[in-house]
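One-letter residues, chain by chain:
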Amino acid sequence: SGPFPRNQFNFICQDYNYLNQYLSTLYNTFDGIKHVFNTVSITCNNNILNYCIDNKIKILFLTRRCPIKAILSGMISQQARIFQLGADLENKEEYESFPFKPINIKLLKQRSNYLLKRSESYRAAINDSGAIFKDIYYEDIFLHPNKGARRRKVRAILDFIGLAPDTPSLKDNLNKYIFNPQRKQNHSGVLDKIPNAAAILKALNE
């Protein structure tokens, strides 16, 4: 149970044998899989962790240093029903001109506390499991004011998963998607357009 919508494929990972077959099929084609842990049950996440351990899959555990900002970002995006700006930022103008409504501050705090507890619980479980993993914070990759520090963090991630950062296609994608400041969807300009922006800032600073 929780405040997040349940993934329609939750049933796949409820049974470990079914999950094993499903993920093994995916790994026959892909080198990695993105999994959003808040969209499935605790049982599912435990099964996925066990699959990673059994198959020596490396885990990049990405969270936010400030969970309330992650929840706020999701609530803002939910209003506009735009969750990505598009490969070529084709949704940027529509998103930034959307008439946003006030954010429910009580709900924002409740969901933030829930996310924090889930994150801490899964981090501890991964750490205790013996899985091969690397802890990563969103802020260190996308928001750190020092560009050199951001690039070193990304380089460490690439080294961990065994990718060469100088591969032309990868280098182009890093510059286009990771290091491009225009890709920041919920920036201060968007926040300023929300009617109760002052109350939101107060909640963020508590």
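You'll find the structure just up there.
Residues numbered from 1 in each chain as written. Predicted model: local features only at pLDDT ≥ 70, side-chain atom pairs only at ≥ 80, totals over all residues. Heavy atoms only, no water.

### A short note on the packing of helix α2 (residues 42-54) against helix α5 (residues 105-129)
What counts, and what does not: In this analysis an axis means a line fitted to C-alpha atoms, helices contributing only their contacting stretch, and an angle means the value between N-to-C directions, from 0 to 180 degrees. Strands here are runs of E lasting at least two residues and helices are runs of H or I lasting at least four, both read from the DSSP assignment and numbered beginning at the N terminus. Should an angle fall under 35 degrees it is taken as roughly parallel, and over 145 as roughly antiparallel, whereas 65 to 115 is taken as roughly perpendicular and any remaining angle as oblique. Should the near helix be turned anticlockwise from the far one by less than a right angle, the crossing is termed left-handed; should it be turned clockwise, right-handed. We call two residues in contact whenever any of their non-hydrogen atoms come within 4.5 Å of each other. In the scheme used here, Gly and all other residues not listed as nonpolar or charged are polar, with Ala, Val, Leu, Ile, Met, Phe, Trp, Tyr, Cys and Pro taken as nonpolar and Asp, Glu, Lys and Arg as charged.
Two numbers describe how α2 lies on α5: the axes approach to 11 Å, and their chain directions differ by 30°. Taken together, the axes of α2 and α5 lie roughly parallel to each other. In the packing of α2 onto α5, the handedness of the crossing is right-handed. Each of Ile42, Asn45, Leu49 and Ile53 in α2 lies in contact with α5, whose residues at this interface are Arg118, Tyr122, Ala125, Ile126 and Ser129. Class assignment for the residues of the contact of α2 with α5 results in 6 nonpolar, 2 polar and 1 charged.

### Quick look at the pairing of strand β1 (residues 59-63)
As a reminder of what qualifies: Relative accessibility under 20% of the residue-type maximum defines a buried residue, over 50% an exposed one, and the middle range a partly exposed one, all with a 1.4 Å probe and only protein chains included. Strand pairing is defined by DSSP finding a minimum of two bridges between the two strands.
Burial along β1 is one-sided: Ile59, Phe61 and Thr63 are buried, and none of Leu60 and Leu62, which face the opposite way, are. Here β1 runs beside strand β2 (residues 133-137); their pairing, made up of 5 bridges, is parallel. Bridge pairing links Ile59 to Phe133 in β2.

### Observations concerning the layout of surface pockets
Over the atoms rolls a probe the size of a water molecule, and in doing so it shows where empty space is left. Short version of the rule: In this analysis, the protein atoms alone were mapped onto a 1 Å grid. Cavities are point sets where a 1.4 Å probe fits without being able to get out; pockets are open sets with protein on both sides within 12 Å along at least five of seven lines; lining residues have an atom within 4 Å of a point. Grid points are joined across faces, edges and corners, and a volume is the space filled by probe spheres set on the points.
As a volume, the second largest pocket reaches approximately 310 Å³. Forming the walls of the second largest pocket are Arg64, Lys69, Leu72, Ser73, Ile76, Leu143, Lys184, Asn186, His187, Ser188, Leu191 and Leu204. Among the elements of the structure, α3 (67-80) and α9 (188-191) are those that each provide at least two residues to the lining of the second largest pocket. Here the element with the most residues in the lining of the second largest pocket is α3; it accounts for 4 residues.

### Focus: the nonpolar core
Under the convention used in this document: Each nonpolar core is a collection of buried residues, namely Ala, Val, Leu, Ile, Met, Phe, Trp, Tyr and Cys, held together in the definition by side-chain atoms within 4.5 Å.
One finds Leu72, Ile76, Tyr95, Ile103, Leu108 and Ile200 to be the most contacted residues of the largest nonpolar core, which totals 36 residues. Those elements giving two or more residues to this core turn out to be α1 (16-27), α2, β1, α3, α5, α9 and α10 (197-204). Here this core takes 6 residues from α3, the largest share from any one element. Leave out the neighbours within four places in its chain, and Ile200 touches Leu72, Ile103, Ile105, Leu191 and Ile194.

### Details of the environment of Gln185
Our working rule: We define a polar contact as two N or O atoms separated by no more than 3.5 Å, with the added condition that, inside protein, one atom must be a possible hydrogen donor and the other a possible acceptor, whereas residues neighbouring each other in sequence contribute only through side-chain atom pairs.
Structurally, the position occupied by Gln185 is in the loop between α8 (168-178) and α9. Given the relative accessible area of 11%, Gln185 is considered buried. Along the chain, Gln185 and Gln84 lie 101 residues apart, while their C-alpha atoms are 7.4 Å from each other. Dropping the residues within four chain positions of it, Gln185 is found in contact with Ser77, Ile82, Phe83, Gln84, Leu85, Tyr95 and Val190. Among the polar contacts made by the side chain of Gln185, one reaches the side chain of Ser77 at a distance of 3.3 Å. Engagement of the side chain of Gln185 in a polar contact is seen with the backbone oxygen of Ile82, the distance being 2.8 Å.

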